[in-house]
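Secondary and tertiary structure notes
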Amino acid sequence: MGKGGFSSILSAVVMAVAVAASVYTGGASLAAAAAWGAAAGAASYIATSQMMASISGMQTSDSATTLSRTTAPQSGLPIVYGGQAPDFSPWDNSCYIKVGSIVPWYNVQNNNSQYLYTAHALCMGPIPQFISQLYFDDEPVLDFPIEAEGIVDSSKIKEKYRPYLQLEVYFGNSYSGTSSLATQYAGSQWNSTFHGNNIVQVHTVIKKTQDSLENSILVNDNYVLTAEIKGRLIYDLTDGVTRASSNPPSQIYDFITNTEYGMGIDPSVIDLNSFSSIAQYCQQYEYYSNGAIDYQKSNKSNIESILQSFGGVLYVHAGKMYLTLDVASTSVASFNEDTIFSEVTYATSGMTDYFNAVDATYTNVDNSYSSDVLRIPSDITSDEVIQSDGRIIVTDLDFSWIYDKDKVAELANKELLKSKYLLNTLAFTTDSGWDLKPWDVITVSFSEYGLSNKKFRVLTKEIVMTQDGIGMVNLTCVEYSDGVYNGTDPGVWSVTGSIAKAVSVQPPKNLSVTRKGTTNNGLTVVMDWDASIDPNLLGYYTYYRQTGSTTWLVADQTSKYVTEYELYGLNQSTQYDFAVAAYNNLGFVSDKVSQTGIVPDYNFTMPEISNLHLVNYDSNYGTTQTEQTDFIIGWNAPTGNVNGKPFSSYFKQYEIVVRDSQGTQLNSYYTTSTTWTYTYAMNQNDGLSRQRIFGIIVHGQSASDYSSEVTLTVSNPQAPLIQNLQMYSAIGQIAFTYDSDNFPDDFAGVLFQISSSSDFTIGVNNFTTTQYYTYFASIDDGQYYARAAIYDLFGMDNLKWSTITPFNQKTSVPYSQLNDDVVDGILSSSEFNTVKEQIIDEAGYTGWTVSVNNNNYVSGIALANSGTESTFTVVADRFSVIDSATASSSNKVYPFVVQGSVTYINGAIIQSASIGSAAIGTGVINNAHIADASISTAKIQDASISTAKIANTIQSTNYVANSTGWQINKSGNFYINGTTSGTGRMSISNNQINIYDGSGVLRVRLGLW
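Here's what I pulled together on the structure shown here. (Residues numbered from 1 in each chain as written. Predicted model: local features only at pLDDT ≥ 70, side-chain atom pairs only at ≥ 80, totals over all residues. Heavy atoms only, no water.)

**Considering the packing of aromatic side chains**
Spelled out, the test is: In this scheme Phe, Tyr and Trp rings, the latter by its six-membered ring, pair at centre separations within 6.5 Å, and the angle between planes marks the pair as stacked below 30 degrees, edge-to-face above 60, and tilted otherwise. Helix numbers and strand numbers start at the N terminus; a helix is a DSSP run of H or I with at least 4 residues, a strand a run of E with at least 2. Note on criteria: charge over ring means Lys NZ or Arg CZ within 6 Å of the ring centre, with the direction from the centre no more than 35 degrees off the ring normal.
Per the stated rule, a full pass over the model turns up 46 aromatic pairs. Taking 6.5 Å as the distance between ring centres and 50° as the angle between the ring planes, the aromatic pair formed by W91 and F144 counts as tilted. Here the residue W91 occupies a position in the loop between β5 (80-81) and β6 (97-99), and F144 occupies one in the loop between β10 (139-140) and β11 (150-151), the gap between them amounting to 53 residues. An aromatic cluster is present here, built from F736, Y738, F743, F747, F752, Y772, Y773 and Y775 joined pairwise through their rings. For the cation-ring pair, K592 lies above Y543, with the distance from its terminal atom to the ring centre recorded as 4.6 Å. Sitting over the ring of Y996, R985 keeps its end group 4.0 Å from the ring centre.

Encoded structure:
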């Protein structure tokens, strides 16, 4: 016999007249219905609440057909049908549909509490107020069904879960308020506008405790919640009552007419009588369907899944949509050569879609609603078709909306027998087929193909639209046989019962505990173990307790890739037990592997520092000397591991021991930086000395963990020899001048010594000054010896004296008796109003005088010589000198005038001068050494300063410490404040930059510390 069949012509097919349906209806609704398989949109639901705002539009997946948990925004909100029959319920005479959940919201209260809140959207409502069971990772948590909205009474929850689980449910009605559990646990972003209208909701709160973790109760944060519920309330075509109907035609009618989540086809173009008639048939013969719309299928495929549950056929005819049954039928019309026109096509379907065995997928309620398979034929070794074919050719059929195994076997037999009996197709044109509808049975006699009263089913009817074919229709038919409907093979069923869960987890092995002593996190141990070989391993829990306690404390959890854990903060001299356990992807925990009676104390020597050095050394003296008043020392921190851990884990601080030159400890200071400054103030506090010994000791977290001391001797040399020292006589003073180019950074002053003896033991006078360049020492005339030395802030020890210089100080006007006698002689004239010239030759001296006496007011000049002394004296109120060349000028210029005890010099060239006090209007000075100057205002056109030495600080006029302005001090510190107090500040030293906010809080630190 020929092999063939027409497997695409299954009972669950959608048939349509090939002419556009709009010809009959004038609308587009049926045109879309006739092309469901092409570009059909997925069933979708636009959420009516903000809570489900992300679950809208065209969807690609759902949580009902896969019984899963999803958080994907594109997930479709399931549309669930059924829950009326057949009877599988322990509570009432009904059944349920098992669905997963969409999780639009979850939150850990306050980000770190024990409470995990999760919102679950199950499906679109409303549904009857009845949840038979809730499952957390396939574990049932209810003792009794939920039959009311709101907080679920704890008595309905199994005792095992009661201390840890809170539930709140809503059955998809409209609400004015929001979830109570969400208000308390969902976080601050949840608000009262999240109603969840028309959504079946389950709100859960899981409390994690030590007991729940130990006993693996609700430990999986990403648990899958599934629920046994009834389907959406729809209009039941059998009696007109709204219920969760399992009647397949009623479900199809709801889906194709619903404008919210269905196809939105106008009911006026649906033949309600055909739908109602088939609905009554399904009710009478107990054909039921229960399931959810699959968002990964087209509308056509979803409708076909429901049609499969009763062998239904949906088609469009004469402008209306009809529903019929694939059952044994009688012929309604006959055709022969008289009524068949044009070309006749008669052919087998070929091998493309041929099959000789069926794997029928159905929903096995007894196997936790799993998708199980029925295989027909039940005995492939004796099946005549398979034996003839010589191989098994299987097709997969979907009966997933059916719970009743007998119905699955009945319908699967029918489909297999179609492949056996429906071998050929027939197509012809006729004028007698106007009343025919898809799925009608006809009888055909056509001798050319040997057809005599052969039965066929009408698949499609196409109206001929050409001019010469007016009144004709094209019929496409498939072979018909009553034998299709007589199949009784019971099939081979899947084994009933679910596979036991993995309730045990392989533990880790070989736990070791290593004591690490006191780190910066406290007393520390490191737990290390060999990995668990469990195939479902997800991670490990680590535990500890004081030895003798029966309660384990959870330290932490690690991933499955981490087999080491550092536990710290333990108490000294306390014995502890330590343990580790594995847990799998379902949250189940293995037995613990433990080590007991371990004391974590562990003492050891810390490593020494290296490269201890003077940071601010002066290259003119060597690497251990500096002219600065502060000693800045630095060193390298220890490197590598300490007791198997990084040095930083144990390090607490460095101790800086300060000793005098004899090695006696003066003080100790502490830092965590690898540079440290011994300030001048610290030195003074420790008894000022220019030499110190510094020792560095590394301290660990435990007082008993420290290193050996590493020492360094540093010093500050006394100031160098004064340069270019010069001495000059001044009136009652000796003027010292000197260069300051080599004054040290810690310059304090210059000491001058003037002594009557060359060994500076007699008549020693000491003078000190902080002036640069020039100093005047007041001293009487006499023969002296002088020297000078620079000293620094550390004192006058070890002074470097200049060369001793003899100096004859003679600056007062010498006394002359001769001069007095000459003056007395001039003034002694007794002749009034005369001019007298006189030659004197006496025993005391010889001389010449000219005197003028006018009314006893005498003036004169005198020249005298005593043989050992000579004088020239002028007695006058004014003595002047004038150039002969300008004497006759009317504008006489006197270059030299003495008047009133004051000497006036119009122009002078002085090779060397000592001036006690001077007022200079304008001066041009090639070289000046000014010991001390007060300049009210200076205008400097251009300045070139080779070296500037600031004794203390240079700063802005508005500088207030830590507030406003800026300052640079001699220690090299730069303080930068804003113009307004409280806007932040910055300080810069030789090795740090610190930035503070307006409140004085350190926010940024760069450098070494």
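**Let's talk about the packing of helix α5 (residues 248-257) against helix α7 (residues 299-307)**
When two helices pack together, their arrangement is given by the angle between the helix axes and the distance between those axes. Defined as follows: Helix axes are fitted to C-alpha atoms over the stretch in contact, other axes to C-alpha atoms as well, and angles between N-to-C directions run from 0 to 180 degrees. Angle categories are assigned with fixed cut-offs, so that under 35 degrees is roughly parallel, over 145 is roughly antiparallel, 65 to 115 is roughly perpendicular, and the rest are oblique. Crossing handedness is defined as follows: a turn of the near helix away from the far one that is anticlockwise and smaller than a right angle gives a left-handed crossing, while the clockwise case is right-handed. By definition in these notes, contact holds between two residues if any of their heavy atoms fall within 4.5 Å. In this classification, Asp, Glu, Lys and Arg are treated as charged, Ala, Val, Leu, Ile, Met, Phe, Trp, Tyr, Cys and Pro as nonpolar, and every other residue, Gly included, as polar.
It is the contact of α5 with α7, at a shortest axis distance of 9 Å, that shows an interaxial angle of 165°. For the element pair α5 / α7, the angle class is roughly antiparallel. Relative to α7, α5 is oriented so that their crossing is right-handed. The segment α5 lies against α7, with P248, Q251, I252, F255 and I256 engaging N299, I303, I306 and L307. Looking at the contact of α5 with α7 residue by residue, the class counts come to 7 nonpolar, 2 polar and no charged.

**Quick notes on the pattern of salt bridges**
Oppositely charged side chains are able to pair whenever their charged atoms sit close together. Condition: Salt bridges are defined as contacts in which a side-chain nitrogen from Lys or Arg sits within 4 Å of a carboxyl oxygen from Asp or Glu. Note on exposure labels: buried denotes an accessible area under 20% of the residue type's maximum, exposed denotes more than 50%, and partly exposed covers the range between, all computed with a 1.4 Å probe on protein chains only.
Considering all chains together, one arrives at 22 salt bridges under this definition. A salt bridge links D359 to R375; the nearest nitrogen and oxygen atoms lie 2.3 Å apart. In this pair, D359 is assigned in strand β22 (residues 357-364) and R375 in strand β23 (residues 370-376), connecting sequence segments 16 residues apart. K454 is the partner of E479 in a salt bridge, and the nearest nitrogen-oxygen pair spans 2.5 Å. Remark: K454 occurs in strand β27 (residues 451-463) and E479 occurs in strand β28 (residues 473-479); sequence separation between them is 25 residues. According to the relative accessible area criterion, K454 is partly exposed, its value standing at 24%. Because the salt bridges share partners, they merge into one network encompassing D326, E415, K418 and R457.

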